[in-house]
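Survey of secondary and tertiary structure
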Amino acid sequence: GGAPASLDASGSATDLHGLGQSSGGGAHARGKSRGADKPKGPTSLCCYICGKQCLTSSFSIHEQACIKKWEEAEARKPPGERKPLPRKPELGEDASLEDRNAAAQEAYNQEGKVHCPGCGRGFKDEGTLAKHEKGCKGPARGGERSHSRSGRVGGGGGLDNSLS
């Protein structure tokens with residue numbers, strides 16, 4: 001709902017509160033943007049280090065904190081187990097937000113995650129991988145996933161509130 005409206009002599013809806021919006025129909029009358037190419041809400045970028053979405057306005061701050069966190073975590077590992085910082089994707093200045101996000105997600109998936117040697121699934125860190133490896137059944141068979149969040153067969157259709 002918007003402001004109450006009445007029909008004028010031509011049959012068009014008019015705004016009774018004088019807010020300048022007609023309620024004659026269409027998305028604009030409900031307060032939505034007319035431009036289909038306009039982004040909805042704040043724009044965000046995918047971090048190539050941690051894979052999280054960050055607002056473009058604060059991405060450089062996030063990136064510096066993420067680099068520091070990565071370097072500190074790697075410094076705690078034995079020298080032979082340390083991984084280099086994922087490389088920032090090199091894209092031209094004219095690259096779209098979608099292209100930048102796709103390249104960052106790919107960099108994170110390839111260089112940021114640790115992968116299970118049994119099934120190849122990617123995890124955010126070694127601790128999560130270690131938990132997974134305790135129950136890993138190896139590669140998925142017949143197109144079915146061998147990993148289930150709830151352990152149930154079938155969709156269930158509801159929220160999974162299990163603590164697994």
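Residues numbered from 1 in each chain as written. Predicted model: local features only at pLDDT ≥ 70, side-chain atom pairs only at ≥ 80, totals over all residues. Heavy atoms only, no water.

For the rest of this paragraph, the subject is a negative patch on the surface. Taken together, Glu93, Asp94, Glu98 and Asp99 make up a surface patch of like negative charges. Here Asp99 lies in helix 2 (residues 97-112). Given a relative accessible area of 44%, Asp99 falls into the partly exposed group. (Patch = residues over 30% accessible without salt bridge, like charges linked within 9 Å, V, L, I, M, F, W, Y side chains within 5 Å. Areas by Shrake-Rupley, 256 points an atom, 1.4 Å probe, with all protein chains shown as cover. Salt bridge = Lys/Arg side-chain N within 4 Å of Asp/Glu carboxyl O. Lys, Arg positive; Asp, Glu negative; His and termini not counted. Charge placed at Lys NZ, Arg CZ, Asp CG, Glu CD. Helix = DSSP H or I, 4+ residues; strand = E, 2+ residues; numbered from the N terminus. Buried < 20%, exposed > 50% of the residue type's maximum accessible area, 1.4 Å probe, protein only.)

Moving on to the side chain of Lys77. Relative to the helices and strands, Lys77 is located in the loop between helix 1 (59-75) and helix 2. Among the polar contacts listed, one links the side chain of Lys77 to the side chain of Glu74, at a separation of 2.6 Å. (Polar contact = N/O pair within 3.5 Å; in protein donor to acceptor, adjacent residues only side chain to side chain.)

Looking now at the pattern of salt bridges. Within this structure, the stated rule accounts for four salt bridges. Between Lys88 and Glu63 there is a salt bridge, and its shortest N-O distance comes to 3.3 Å. A residue pair is termed long-range when its members are at least 10 positions apart, and Lys88 in the loop between helix 1 and helix 2 and Glu63 in helix 1 qualify at 25 residues. The residue Lys77 makes a salt bridge to Glu74 at a minimum N-O spacing of 2.6 Å.

Here we take up the nonpolar core. Counting residues in each nonpolar core, the largest one holds 12 residues, listed as Leu45, Cys46, Cys47, Tyr48, Ile49, Cys54, Phe59, Cys66, Ile67, Trp70, Ala104 and Ala107. Broken down by secondary-structure element, the contributors of at least two residues to this core are strand 3 (44-46), helix 1 and helix 2. It is helix 1 that contributes the most residues to this core, four residues altogether. Setting aside chain neighbours within four positions, we find Cys54 in contact with Thr43, Ser44, Leu45, Cys47, Phe59 and His62. (Core = buried A, V, L, I, M, F, W, Y, C linked by side-chain atoms within 4.5 Å. Contact = heavy atoms within 4.5 Å.)

By volume, the second largest pocket is sized at about 490 Å³. In this structure, the second largest pocket is lined by 19 residues; those nearest its centre are Cys50, Lys69, Trp70, Lys124 and Asp125. Going through the elements one at a time, helix 1 and helix 2 are the ones with two or more residues in the lining of the second largest pocket. Residue contributions to the lining of the second largest pocket peak at seven residues, all from helix 1. Along the lines of polarity and charge, the residues of the lining of the second largest pocket split into eight nonpolar, two polar and nine charged. (1 Å grid on protein atoms, 1.4 Å probe; cavity = no way out; pocket = protein on both sides within 12 Å on 5 of 7 lines; lining within 4 Å. Points joined across faces, edges and corners; volume = space filled by probe spheres on them. Nonpolar A, V, L, I, M, F, W, Y, C, P; charged D, E, K, R; others polar.)

Right, let's get into the environment of Asn101. Checked against the element boundaries, Asn101 lands in helix 2. When its relative accessible area of 17% is taken as the criterion, Asn101 is described as buried. Note: C-alpha distance between Asn101 and Ser44 (57 residues apart in sequence) is 8.6 Å. Residues within four places of Asn101 in sequence aside, it is in contact with Ser44, Leu45, Cys46 and Gln53.

Quick look at the environment of Leu55 now. With respect to the helices and strands, Leu55 occurs in strand 4 (residues 53-55). Taking C-alpha positions, Leu55 is 4.1 Å from Ser44, a pair spaced 11 residues apart along the chain.

Further remarks concern a positive patch on the surface. A cluster of basic side chains, namely Lys52, Lys69, Lys124, Lys131 and Lys134, defines a positive patch on the protein surface. Mapped onto the secondary structure, Lys124 falls in the loop between strand 6 (122-123) and helix 3 (126-133).

Averaged over every residue, the pLDDT of the protein is 73; the share at 70 or more is 59%. Element-level mean pLDDT values for the protein span from 46 in strand 2 (residues 13-15) up to 94 in helix 1. Below pLDDT 50 for its whole length, residues 2-8 participates in 18 contacts with residues either more than four positions away or in separate chains. The low-confidence segment residues 12-29, where pLDDT is below 50, has 29 contacts with residues more than four positions distant or belonging to other chains. (pLDDT = per-residue confidence, 0-100.)

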